[in-house]
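Fold and contact review
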Amino acid sequence: MSQDEGRYWLDRPENVAKLYRGLWIVGVLLVLADLVVHRHAEAGFDGGFGFYGVYGFVACVALVLAAKLLRRAVMRPEDYYDR
Amino acid sequence: MIAELPAGLILVAAGLALPLLPRAARSPVAAAAPLLAFAQLLWIGPGYVLEKDAFGFTLQLVRTDRLSLAFGYIFTIAAFLNAIYAWRVREGIEPPAALVYAGTALAAVFAGDFLTLFIYWELSAVASALIVWAGGSARAYGAGMRYMAVQLGSGMLLAAGAALRYAEAGSLAFEHVGLGSPGGALLFLAFGIKCAFPLLHNWLQDAYPEASATGTVVLSAFTTKLSIYALARGFAGTEMLIWIGAAMTAFPIFYAVIENDLRRVLAYSLNNQLGFMVVGIGLGTDMGLNGAVAHAFAHILYKALLFMSMGAVLLRAGTVKGTELGGLYKSMPLTAGLCMVGAASISAFPLFSAFVSKSMVLVSAAEQGYTFIWLVLVFASAGVFHHSGIKVPFFAFFAHDSGIRCKEAPAHMLVAMALTALLCVGIGVFPGALYAILPMPVDYVPYTASHVLAQLQLLVFSGLAFSWLKRRGIYPPEMRSVNLDADWFYRRLGLRMARALAALLQRLFDAGREASRQLGEAGAALLERLHGSEGVLARTWSTGGMALWAAILLAAYLLLYYADKVDRGFIFLLILPFLIGALGLWADSRRRDDD
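Residues numbered from 1 in each chain as written. Chains lettered and ligands numbered in written order. Predicted model: local features only at pLDDT ≥ 70, side-chain atom pairs only at ≥ 80, totals over all residues. Heavy atoms only, no water.

**Here's the deal with the overall build of chain A**
For chain A, the count of helices and strands is 2 helices and 1 strand. Ordered by position in the sequence, the α and β elements of chain A form the string α-α-β. Scaling as 2.2 N^0.38, a compact globule of 83 residues should have a C-alpha radius of gyration of about 12 Å, whereas chain A reaches 21 Å, well beyond that. Across its three principal directions, the C-alpha atoms of chain A cover 55 × 40 × 15 Å. (Helix = DSSP H or I, 4+ residues; strand = E, 2+ residues; numbered from the N terminus. Rg over C-alpha atoms; globule rule 2.2 N^0.38 Å.)

Put into structure tokens, the structure is as follows:
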């Protein structure tokens, strides 16, 4: 790892931060596009402004938090079934 | 002539012949056989029937229509890609088993009756178990045994269901069945096991990740999609499937988030993708069924691509555990890029395959008024991007640099991955080609500004959620662990109960043996006391003893004789010498016994 440290663009934290900020900008632009593009509602209420962005974000955060709870219940040592 | 052969037998024949061929010819044959089978399917087209009388029935060995052909095409394509990917695997049981497995699954898809279906169903189960075992480890052996038990169990239910069905309907023809009869219910369960319905699912996550780098790719294509076909044929429009499918899309993604073995993560996401197809079948509308079939077609390709990329990582880095990987894009940039094509495809990015297939199921669910189901499916769509689209490439190729430096994947693997990636993108860019082979006429336009924007919003914000959680340190780290799932019930609880039962029986047996031993000893002791060497009834009667008894008898006789004639004192004097003699003899016999 040491000899090629810095040779890769992604190895530098400031570049990762740039990507992260860039993704937020893309996200905001996509939500703003809702003002321009008429979105055809599939299920009735999903035509609302930024519905998919909000739902996607909330769903994934909820998914990860629930999975962390699940880990408390179901996680066992790697050799659990071998014992 | 070839058209006369039952579809799939080309692959089976090639598979059986493979070990007899010179080594250099094996891989070309393994790749050519699926192409030949594909050509045969194009040649015979829909509406072809091959019947044969056997076992007192008229069996439909081959019955082609648009539904079975769609699965036939993708099965042969998958078998071809697998052969390229495994080009260097020429020894052992895996290459022939892979061809026989693909061939029997293909033949099962074209089975026109339940008896033919059952035979190929079981043969494909056995062939696929061989592929699991070819993984070679002790874990692969155990997982293969469990896999085999579950698959054969599914076959038993299929046989029983078919027999009941024959009694109910008087026919073995494999047409729409429905849940209205006991036979239908058994068939539903048989298909459900193979389709990894919730709680019946764990054989999949258990066995697939234990096969070899190439074996898992083969396994991911056929078994579950055969059951998707069978459900579409027999249970289209069964409402229960909508709920089962929705549960299947949702619950595996929680496990996928916390699973460390990246091939097991993919197995959970395979399970989740099957859910979308099952919902489509349950809806039973033209759009829902088309969506299910289209998604199965697209799914086989991108799932193969993802498993191929992880297989290449396993081959080169020696592990697919998230805890041990990271930074591999430096060593395997091509594999990383191809993996991300698979990731974009499963996540349904516009221009990638699932975008044009999965959406049909969602639209149909919304149209039929299943709003809650639709919400679950959108949640699962976000979730699949989260764990398959981001987590798998991220932890393998990016994340923190693990320091692993290895070679890029071998050329044949890269070629197979590139071809598969090309098909994934091809379907996404030219959906018309896929829509043309679907069972129902297609009335759906995937590329509308509304659909593209909605999907991009969903995906970008799912990605933002991942990045945000990761940067805030909330995202659960990869951990070396086993996560308990439904297989706990038979791998731990069932095993414990079986062991407890065995221990209980052992204790009862031991107690019974102890009781009978004690009883026997008591009996033996009694006999010993009476008849043993010291036994009263078994003493050696010496001459002295005999004289004693003779004396006693004589004395008794005299006693009786004089009893009423003479004086008692006289009798006593008369007996006295005998008594003294008897005592002496008795004492003498005791002394001699003691010696």
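**Details of the domain arrangement of chain A**
Reports of interface size often rely on the accessible area that becomes lost once the parts have come together. Residues and elements named next belong to chain A. Each domain of chain A was delimited in the assignment, giving domain 1 (1–37) and domain 2 (40–83). Across the interface of domain 1 and domain 2, roughly 320 Å² is buried in total on both sides, 83% from carbon and sulfur atoms. Area buried by domain 1 at its contact with domain 2 is led by W24, V31 and D34, which between them contribute 83% of it. Inspection of the region where domain 1 meets domain 2 yields 0 salt bridges. Viewed at the interface, domain 2 and domain 1 are joined by 1 residue pair in polar contact (both at pLDDT 80 or more). Split into classes, the residues belonging to the side of domain 1 that touches domain 2 amount to 3 nonpolar, no polar and 1 charged. (Domains from an automatic or database assignment. Buried area = accessible area lost by both parts, 1.4 Å probe. Salt bridge = Lys/Arg side-chain N within 4 Å of Asp/Glu carboxyl O. Polar contact = N/O pair within 3.5 Å; in protein donor to acceptor, adjacent residues only side chain to side chain. Nonpolar A, V, L, I, M, F, W, Y, C, P; charged D, E, K, R; others polar.)

**Quick word on the pairing of strand β2 (residues 57–63) of chain B**
Counting buried positions along β2(B) yields 5 of 7 residues, so the element is predominantly enclosed. The antiparallel pairing of strand β1 (residues 49–54) of chain B with β2(B) creates a hairpin that spans 2 residues between the two strands, and F55(B) there sits at a positive phi of about 55 degrees. (Buried < 20%, exposed > 50% of the residue type's maximum accessible area, 1.4 Å probe, protein only. Pairing = 2+ DSSP bridges.)

**Focus: a nonpolar patch on the surface**
Residue and element names in this part refer to chain A. Taken together, the side chains of I25, V28, L29, L32, L35, V36 and F49 present a nonpolar region at the surface, about 740 Å² in accessible area. Structurally, L35 can be placed in helix α1 (residues 13–36). Judged by its relative accessible area of 63%, L35 is exposed. (Patch = residues over 30% accessible without salt bridge, like charges linked within 9 Å, V, L, I, M, F, W, Y side chains within 5 Å. Areas by Shrake-Rupley, 256 points an atom, 1.4 Å probe, with all protein chains shown as cover.)

**Things to note about the pairing of β1(B)**
Where β1(B) and β2(B) come together, 6 bridges link them in antiparallel fashion. Within β2(B), the residue paired with L50(B) across the bridge is V62(B).

**Details of the layout of surface pockets**
Its boundaries defined by the atoms lining it, the largest pocket holds a volume of some 1200 Å³. Lining the largest pocket we find 36 residues, and of these L19(A), I390(B), F394(B), F398(B) and F466(B) sit closest to its centre. Listing elements by their share of the lining of the largest pocket, those giving two or more residues are α1 of chain A together with α13 (333–346), α15 (371–397) and α18 (449–471) of chain B. Considering every element that reaches the lining of the largest pocket, the biggest residue donor is α18(B), with 7 residues. Tallied by class, the residues present in the lining of the largest pocket amount to 22 nonpolar, 7 polar and 7 charged. Lining of the second largest pocket is provided by 36 residues; of these, R139(B), D206(B), E210(B), R264(B) and R491(B) occupy positions nearest its centre. (1 Å grid on protein atoms, 1.4 Å probe; cavity = no way out; pocket = protein on both sides within 12 Å on 5 of 7 lines; lining within 4 Å. Points joined across faces, edges and corners; volume = space filled by probe spheres on them.)

**Some details on the domain arrangement of chain B**
Parsing chain B into structural domains produces domain 1 (1–231), domain 2 (236–486) and domain 3 (542–595). Distance from the C-alpha centre of domain 1 of chain B to the C-alpha centre of domain 3 of chain B: 100 Å.

**Brief notes about the interface of chain B and chain A**
If you look at the interface, chain B gives 57 residues, while chain A gives 53 residues. Summing the contributions of chain B and of chain A, the shared interface buries around 5200 Å²; its carbon and sulfur component is 69%. Linking chain B with chain A are 3 salt bridges, by the criterion used here. In this structure, D11(A) and K330(B) form a salt bridge, with 2.8 Å as the shortest nitrogen-oxygen distance. The tally of links between chain B and chain A comes to 15 residue pairs in polar contact (both at pLDDT 80 or more). The set of elements that each furnish at least two residues to the side of chain B that touches chain A consists of α10 (239–258), α14 (353–367), α15, α18, β3 (482–483) and α19 (488–531) of chain B. Looking at which element gives the most residues to the side of chain B that touches chain A, the answer is α18(B), with 17 residues. Note: strand β1 (residues 75–76) of chain A against β3(B), 2 bridges, orientation antiparallel. Bridged to R76(A) within β3(B) is V482(B). (Contact = heavy atoms within 4.5 Å.)

**Concerning the environment of A33(B)**
Looking at the secondary structure, you find A33(B) in helix α2 (residues 23–44). Placed 344 residues apart in sequence, A33(B) and L377(B) show a C-alpha to C-alpha distance of 38 Å.

**Some thoughts on the environment of V177(B)**
Residues and elements named next belong to chain B. Relative to the helices and strands, V177 is located in the loop between α6 (138–169) and α7 (182–194). In the structure, V177 is positioned 56 residues away from R233 in sequence and 8.2 Å away in space, judged by C-alpha atoms. Beyond its immediate stretch of four places on either side in the chain, V177 contacts F114, R165, G184, L187, G234 and F235.

**Here we look at the nonpolar core**
Counting 212 residues, the largest nonpolar core has F114(B), F191(B), F222(B), L231(B), M310(B) and F397(B) as its most contacted members. Discounting residues that sit within four places of it in the chain, F397(B) has contacts with M310(B), V313(B), G326(B), G327(B), L328(B), Y329(B), M332(B), T335(B), A336(B) and C339(B). (Core = buried A, V, L, I, M, F, W, Y, C linked by side-chain atoms within 4.5 Å.)

**Section: empty space enclosed by the protein**
Residue and element names in this part refer to chain B. Summed over all chains, the structure comprises 2 cavities of 30 Å³ or more. Computed from the structure, the largest cavity encloses a volume of approximately 190 Å³. As for the largest cavity, its lining consists of 18 residues, and the residues nearest its centre are A30, N82, A83, P95 and A98. Going through the elements one at a time, α2, α3 (66–85), α4 (94–109) and α9 (213–234) are the ones with two or more residues in the lining of the largest cavity. No other element matches the 5 residues that α4 contributes to the lining of the largest cavity. Estimated volume of the second largest cavity: approximately 30 Å³. Around the second largest cavity sit A78, L81, N82, A221, I300, L301 and A304, which together line it.

**Looking at the packing of helix α12 (residues 286–317) of chain B against helix α16 (residues 411–429) of chain B**
Residue and element names in this part refer to chain B. Two elements in contact, α12 and α16, have axes whose closest approach is 9 Å; the angle formed by their N-to-C orientations is 150 degrees. Comparing the axis directions of α12 and α16 gives the class roughly antiparallel. In the packing of α12 onto α16, the handedness of the crossing is left-handed. Contacts between α12 and α16 pair F297, L301, Y302, L305, M308, S309, A312 and L315 from the former with M413, A416, M417, T420, A421, L423, C424 and I427 from the latter. Of the residues that constitute the contact of α12 with α16, the class distribution is 14 nonpolar, 2 polar and no charged. (Axes fitted to C-alpha atoms, helices over the stretch in contact; angles between N-to-C directions. Parallel < 35°, antiparallel > 145°, perpendicular 65-115°, else oblique. Left-handed = near helix turned anticlockwise from the far one by under 90°.)

**So, the packing of aromatic side chains**
According to the stated counting rule, one finds 37 aromatic pairs over all chains in the structure shown. Taken together, a centroid distance of 5.0 Å and an interplanar angle of 75 degrees make the contact between Y80(A) and Y81(A) edge-to-face. Y81(A) sits in the buried class, given a relative accessible area of 16%. A ring pair is formed by Y255(B) and Y268(B), whose centres lie 5.3 Å apart and whose planes are at 10 degrees; its orientation type is stacked. Of this pair, Y255(B) sits in helix α10 while Y268(B) sits in helix α11 (residues 262–283); the two residues are 13 residues apart in sequence, bridging distant segments of the chain. For the residue pair Y255(B) and Y268(B), the accessibility class agrees, reading buried in each case. Aromatic rings pair up to connect F71(B), F75(B), Y101(B), F114(B), W121(B), F174(B), F188(B), F191(B), F197(B), F222(B), Y229(B) and F235(B) into one cluster. When the ring centre of Y80(A) is taken as origin, the NZ or CZ atom of R76(A), which lies over that ring, is 6.0 Å away. Cation over ring: K358(B) sits above F276(B), and NZ or CZ is 4.9 Å from the ring centre. (Phe/Tyr/Trp six-rings, centres within 6.5 Å; stacked < 30°, edge-to-face > 60°. Lys NZ or Arg CZ within 6 Å of the ring centre and 35° of its normal.)

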